[in-house]
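An overview of the molecular structure
Chain residues, written in single-letter form:
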Amino acid sequence: STQSTGEGLVHICGVTSHGSATLAAEPEHPGLPGDLCFDADFECGNLDSATRISEHEFDIRIRPDTNNKRHSLWFYFRVRNTSPGQLAIFNITNFSKTRSLYREGMAPVVRSTSRPQWSRLPSRHSYYYKCPKSKRYCLSFLFGFDQEQDEYWFAYCYPYSYTQLQETLANLERKHPEFLERHLLCRTVQQRRLDLVVITDPSSPETHKPEVFITARVHPGESAASHMCHGLLQFLCGDSEEAQLLRSRVVFKIIPMLNPDGVFLGNYRCNALGFDLNREWASSDWSAPTIAAARQLLLDDAVNNRVDFFIDMHSHSTGLNAFMLCNATDGSS
């Protein structure tokens, strides 16, 4: 489809009803360089529409979560058919939250064909404000394209995909069979893997070791949680004295991605059925099979008094730095 309200053309991909982005038929004549073409035809992609409102300015709408229109925060889209030296202002117009770390200096991230590593845009080129026209909070950022043949990707923050996790786990499983086990706990609604990683030194009796149970990425748009969990896995599988000591004394059970479907679909908070899985710990198996499997494993281990510590990794859309929310053990608030 094509939308244009100013000079030139904007080519937009289609989005299927179940939430995953699929590319519409390519235009036979995409136009001259500078007639930007937008799409989200890749894993974790999220783009609902792009409309050109002036020569250099584009309004971008986020696709709400699959089967749940309440949540729209994560965006991840590609821009092609650029012209060297072309400037563009992108307005993300339909955030579902009012507060944001974009007010505190955070900025979107970008990569391109010739520069495949993600980098953050300068914060001085990014503005988060309440739009007087729509009365909703918007993000506007400026970008200058420099390569005609490049494709450019823009995202809310650094992505971490389901496929990236599968590659990471396969690599760790291959490198460290002596102390790492990988198990399939269950399949998601869309038949993706829910992986459990067990890390411990088998030369010391496991029955006498405390267990640390760790989960991450229950909310798909909180990609920083996956980066934290990735770093933890790399550390625990490393050769440092600390890692070796931990493996000898502790059993680590890690579920690195509780919501694989939501991550794959480019949702912010929900799974493929539109449920916020962090509110489904008491729900039935059909609506949240990954949560049911994790809960059962945790309860089984707790019966044997093995769970010493439970950590659920998130990332916060408004909280600065790193922090922990902990249960009180002495009755105090």
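The structure under discussion appears in the preceding block.
Description of the structure in this document.

The rules behind each value
- Numbers given for residues are sequential positions, taken from 1 along each chain in its written order.
- The predicted origin of the model limits local features to residues at a pLDDT of at least 70 and limits the giving and counting of side-chain atom pairs to 80 or more, whereas totals for whole chains, interfaces and linings rest on all residues.
- Water and hydrogen atoms play no part in the side-chain values, which are based on all heavy atoms of the structure.
- Helix and strand definitions follow DSSP, with helices as H or I runs of at least four residues and strands as E runs of at least two, each counted in order from the N terminus.
- Note on contacts: a residue pair is in contact if any heavy atoms of the two residues lie within 4.5 Å.
- Here, Shrake-Rupley sampling with a 1.4 Å probe gives the accessible areas, and only protein chains in the shown set may cover a residue.
- DSSP calls a pair of strands paired once it identifies at least 2 bridges connecting them.
- In this description, a line fitted to the C-alpha atoms serves as the axis of each element, helices being fitted only across the stretch in contact, and the angle between N-to-C directions of two axes falls anywhere from 0 to 180 degrees.
- Each residue after the first adds 1.5 Å to the expected span of a helix.
- With a 1.4 Å probe rolled over the protein chains alone, any residue whose accessible area is under 20% of its type maximum counts as buried; one over 50% counts as exposed, and the rest are partly exposed.
- Arc definition: directions from the helix axis to the C-beta atoms.
- Think of a nonpolar core as a cluster: buried Ala, Val, Leu, Ile, Met, Phe, Trp, Tyr and Cys residues, connected wherever their side-chain atoms sit within 4.5 Å.
- Here the positive residues are Lys and Arg and the negative ones are Asp and Glu; neither His nor the chain ends is included.
- A pair is scored as a salt bridge if a Lys or Arg side-chain nitrogen falls within 4 Å of a carboxyl oxygen belonging to Asp or Glu.
- We call two N or O atoms a polar contact when they sit within 3.5 Å, provided that within protein one can donate a hydrogen and the other can accept it, with sequence-adjacent residues counted only if both atoms are side-chain atoms.
- Patch building starts from residues that exceed 30% relative accessible area and form no salt bridge, then joins like charges within 9 Å and nonpolar side chains (Val, Leu, Ile, Met, Phe, Trp, Tyr) within 5 Å.
- Centres within 6.5 Å make a pair out of two Phe, Tyr or Trp rings, where for Trp the six-membered ring is used; the pair is then stacked when the planes are under 30 degrees apart, edge-to-face when over 60, and tilted otherwise.
- Should the NZ of a Lys or the CZ of an Arg lie within 6 Å of a ring centre and within 35 degrees of the ring normal, that charge is described as sitting over the ring.

1. Side note on the overall build of the protein chain
Regarding its fold elements, the protein chain presents five helices and 19 strands. Across the protein chain, the fraction of contacts at a sequence separation of at least 24, relative to all contacts at a separation of at least 6, is 69%. In the form shown here, the protein chain has an accessible surface area of approximately 16,200 Å², with 52% of it arising from carbon and sulfur atoms.

2. So, the sheet that holds strand 6 (residues 49-52)
With mixed pairing, the five strands of this open sheet are ordered in space as 6-7-9-13-12. The open sheet has two edge strands with one neighbour each: strand 6 and strand 12 (126-130). Averaged over neighbouring strand pairs, the angle between their axes works out to 20 degrees when direction is ignored. By the bridge criterion, four bridges tie strand 7 (residues 57-61) to strand 9 (residues 87-92) in an arrangement that is parallel. Residue pairing across strands places Ile60 opposite Ile92, the latter belonging to strand 9.

3. Some remarks on helix 1 (residues 162-175)
If you check helix 1, its first and last C-alpha atoms are 20 Å apart, about what 14 residues at 1.5 Å a residue would give, namely 20 Å. Looking only at helix 1, the buried set comprises Tyr162, Leu165, Gln166, Thr168, Leu169 and Leu172. Along helix 1, the residues classed as buried sweep out an arc of 165 degrees about the axis, all on the same side. Turned more than 90 degrees from where helix 1 packs its buried face, Glu167, Arg174 and Lys175 sit exposed. Looking at the buried positions of helix 1, the neighbouring elements they touch are strand 15 (180-187), strand 16 (193-199), helix 2 (223-236) and helix 4 (260-265).

4. Some details on the nonpolar core
Counting 64 residues, the largest nonpolar core has Phe38, Phe77, Phe90, Phe95, Phe154, Ile199 and Ile254 as the members making the most contacts within it. The dominant element in this core, judged by the number of residues it contributes, is helix 2, at five residues. The contacts of Phe90, once residues within four sequence positions are left out, are Phe38, Phe58, Ile60, Val79, Leu139, Ser140, Phe141, Phe143, Phe145 and Phe154. Formed by 16 residues, the second largest nonpolar core is a distinct cluster that contains Leu194, Val251, Ala288 and Leu298.

5. Brief notes about the side chain of Arg63
Mapped onto the elements, Arg63 comes out in the loop between strand 7 and strand 8 (76-80). Lacking a salt bridge, the buried Arg63 has Asp65 as its closest oppositely charged neighbour, with an N-O distance of 5.7 Å. Separated by 3.3 Å, the side chains of Arg63 and Asn267 make a polar contact.

6. Here's the deal with the pattern of salt bridges
Close approach of charged atoms lets side chains of opposite charge pair. Taken as a whole, this structure holds twelve salt bridges when the rule is applied. Arg78 is paired through a salt bridge with Asp39; the nearest N and O atoms lie 2.8 Å apart. Note that Arg78 is positioned in strand 8 and Asp39 in strand 5 (residues 37-39), a separation of 39 residues in sequence. Each of the two residues, Arg78 as well as Asp39, counts as buried. Taken together, the salt bridges that share partners define one network made up of Asp39, Arg78, Arg80 and Glu151.

7. Some thoughts on a nonpolar patch on the surface
A cluster of nonpolar side chains, Leu87, Ile89 and Leu142, forms an exposed patch at the surface whose accessible area comes to about 220 Å². Topologically, Leu87 is positioned in strand 9.

8. Things to note about the environment of Cys157
Relative to the helices and strands, Cys157 is located in the loop between strand 14 (152-155) and helix 1. Counting along the chain gives 47 residues from Cys157 to Val110, while the straight-line C-alpha distance between them is 8.8 Å. Cys157 has contacts with Trp74, Val109, Gly221 and Ser223, leaving out every residue within four places of it along the chain.

9. What to know about the environment of Ala170
Structurally, Ala170 can be placed in helix 1. Distance in space between the C-alpha atoms of Ala170 and Arg182 is 8.7 Å, their sequence separation being twelve residues.

10. Side note on the sheet that holds strand 18 (residues 251-255)
Two modes of strand pairing occur in sheets, parallel and antiparallel, and in both the strands are linked by backbone hydrogen bonds. With mixed pairing, five strands are arranged side by side in an open sheet as 15-16-18-17-19. Bordering the open sheet on either side are strand 15 and strand 19 (307-313), each of which pairs with just one other strand. Strand after strand, the sheet turns through a mean of 20 degrees between neighbouring axes, direction not considered. When strand 17 (residues 211-216) meets strand 18, the two strands line up parallel, connected through five bridges. Pairing of Glu211 across the sheet is with Val251, part of strand 18. Running over the sheet, helix 1 touches strand 15 and strand 16 and is turned about 145 degrees from strand 15.

11. Concerning the packing of aromatic side chains
Applying the stated criterion across every chain yields a total of 29 aromatic pairs. With a centroid separation of 6.0 Å and 85 degrees between ring planes, the pair formed by Phe38 and Phe90 is classed as edge-to-face. Residue Phe38 is found in strand 5, and its partner Phe90 is found in strand 9; the two are separated by 52 residues along the sequence. Across this residue pair, the class does not change: Phe38 and Phe90 are buried. The lysine or arginine in question, Arg111, covers the ring of Trp153, its NZ or CZ lying 4.1 Å from the ring centre.

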